[in-house]
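Fold and geometry: a report
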Amino acid sequence: MSVLIEKFDVFVGGFWLTFQICVLAAIGALILGAVVAVLRISPVPPLRAVGTTYVNVFRNMPLTVVMFFTAFGLPALGSNADFLRIPGLDVVFSRLGIDLPYFRFAVIALVLYTGAFVCEALRSGVNAVPAGQAEAARSLGLTFGQNLRYVVLPQSWKASAVPLGSVIIAMIKNSALVGFFGLIGDLSQTADQLTSAGGYAFIPVAIGISVGYLIMTVPLGALLDRIEKRQAVAR
């Protein structure tokens, strides 16, 4: 167990990098999921189709595939962006292939994948809002956007708090994959570095890595339990 003391700074560095990835990915997934949820409940059929297609694709695709395409497909696409004849779009993909480090690719992959689950959690919250609320808002002359902004979404966020928390916890655990796709210094890559290159025993290193993930997930799980109990009392 001496590795936990001798390489404490390495564990702290890996934890800090993983924590940054999870925070940025959580913010991005919440924003993207909210946008896709609005598309899924939109009264415009093409928008609903876009939202449904996005959710069905990413929710049923393994995260490893999303990670692989994001880490290796986007750079390859960016380096061959000349085939994109759409003005402006070729510039976007070329910059993706040149300027972005693996850190940002990891965040993008987690956002794309987790956003689909955030969307479904939010949509379940929207379905929990009584239909009379939206009908009353429409009778007052509110547009669809105003109805969502002032009536439906504020209530759906409250109803979706616990499912959203579970999605974020799952995302934190899923972030363990990023080290295997080129990101140097996160918790999972730290474990591989210490055991393969450093020659340390696997079990003590695994314990240290597990503690890092538990520090991020256990407090969030306790918070979700408290929110769930308060909601049960309120009902």
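Structure first, text after, so check above.
Now for a look at the structure at hand. Computed from a predicted model, the values in this text were never measured in an experiment. Every chain's residues receive numbers from 1 upward, in the order its sequence appears when written. This being a predicted model, a pLDDT of at least 70 is required before a residue's local features are given, and a value of 80 or more before pairs of side-chain atoms are given or counted; all residues contribute to the totals for chains, interfaces and linings. Computation of side-chain values covers all heavy atoms of the structure but excludes hydrogens and water.

**Let's talk about the side chain of arginine 40**
Definition in use: Strands here mean DSSP runs of E at least two residues long; helices mean DSSP runs of H or I at least four residues long; both are numbered from the N terminus. Counting of polar contacts relies on pairs of N or O atoms within 3.5 Å, with two restrictions inside protein: one atom must be capable of donating a hydrogen and the other of accepting it, and residues adjacent in sequence are counted only when both atoms are side-chain atoms. Contacts between residues were defined by any pair of non-hydrogen atoms, one from each residue, lying within 4.5 Å.
Position of arginine 40 relative to the elements: it lies in helix H2 (residues 8–40). Of note is the side chain of arginine 40, whose polar atom sits 3.5 Å from the side chain of threonine 52. Discounting residues that sit within four places of it in the chain, arginine 40 has contacts with Arg48, Gly51, Thr52, Val55, Cys119, Glu120 and Arg123.

**Re a nonpolar patch on the surface**
The following threshold applies: Candidate patch residues must exceed 30% relative accessible area and have no salt bridge, after which like charges are joined if within 9 Å and Val, Leu, Ile, Met, Phe, Trp or Tyr side chains if within 5 Å. Each accessible area is a Shrake-Rupley estimate made with a 1.4 Å probe; only the visible protein chains count as cover when residues are assessed. Only one rule defines a salt bridge in this text: a Lys or Arg side-chain nitrogen within 4 Å of an Asp or Glu carboxyl oxygen.
A surface patch of nonpolar side chains, amounting to about 560 Å² of accessible area, comprises Trp16, Phe19, Val23, Ile27, Ile31 and Val35. Inspection of the secondary structure puts valine 35 in helix H2.

**A closer look at the packing of helix H3 (residues 45–59) against helix H6 (residues 102–128)**
Where we set the bar: Whenever a helix is involved, its axis is fitted only over the stretch in contact; in every case the axis is a line through C-alpha atoms, and angles between N-to-C directions fall within 0 to 180 degrees. Note on terminology: angles under 35 degrees are roughly parallel, angles over 145 are roughly antiparallel, angles of 65 to 115 are roughly perpendicular, and the others are oblique. Left-handed describes a crossing in which the near helix is turned anticlockwise from the far one by less than a right angle; the clockwise case is right-handed. Charged residues are taken to be Asp, Glu, Lys and Arg, nonpolar residues to be Ala, Val, Leu, Ile, Met, Phe, Trp, Tyr, Cys and Pro, and polar residues to be all remaining types, Gly included.
Contact geometry of H3 with H6 gives a least axis separation of 9 Å together with a crossing angle of 120°. Between H3 and H6, the interaxial angle falls into the category oblique. As H3 packs across H6, the resulting crossing turns out to be left-handed. Taking contact as the criterion, the partners of Tyr54, Val55, Phe58 and Arg59 in H3 are, on H6, Val111, Leu112, Tyr113, Gly115, Ala116, Phe117, Cys119 and Glu120. Split into classes, the residues belonging to the contact of H3 with H6 amount to 9 nonpolar, 1 polar and 2 charged.

**Quick look at the environment of alanine 201**
What counts here: Each residue is placed in one exposure class: buried if its accessible area under a 1.4 Å probe, protein chains only, is under 20% of its type's maximum, exposed if it is over 50%, and partly exposed if it falls in between.
On the secondary structure map, alanine 201 appears in the loop between helix H9 (187–197) and helix H10 (202–234). Residue alanine 201 is classed as partly exposed on the basis of its relative accessible area of 47%. Each C-alpha atom of the pair alanine 201 and valine 3 lies 8.5 Å from the other, and the pair is 198 residues apart in sequence.

None of this, on its own, says anything about what the molecule does.
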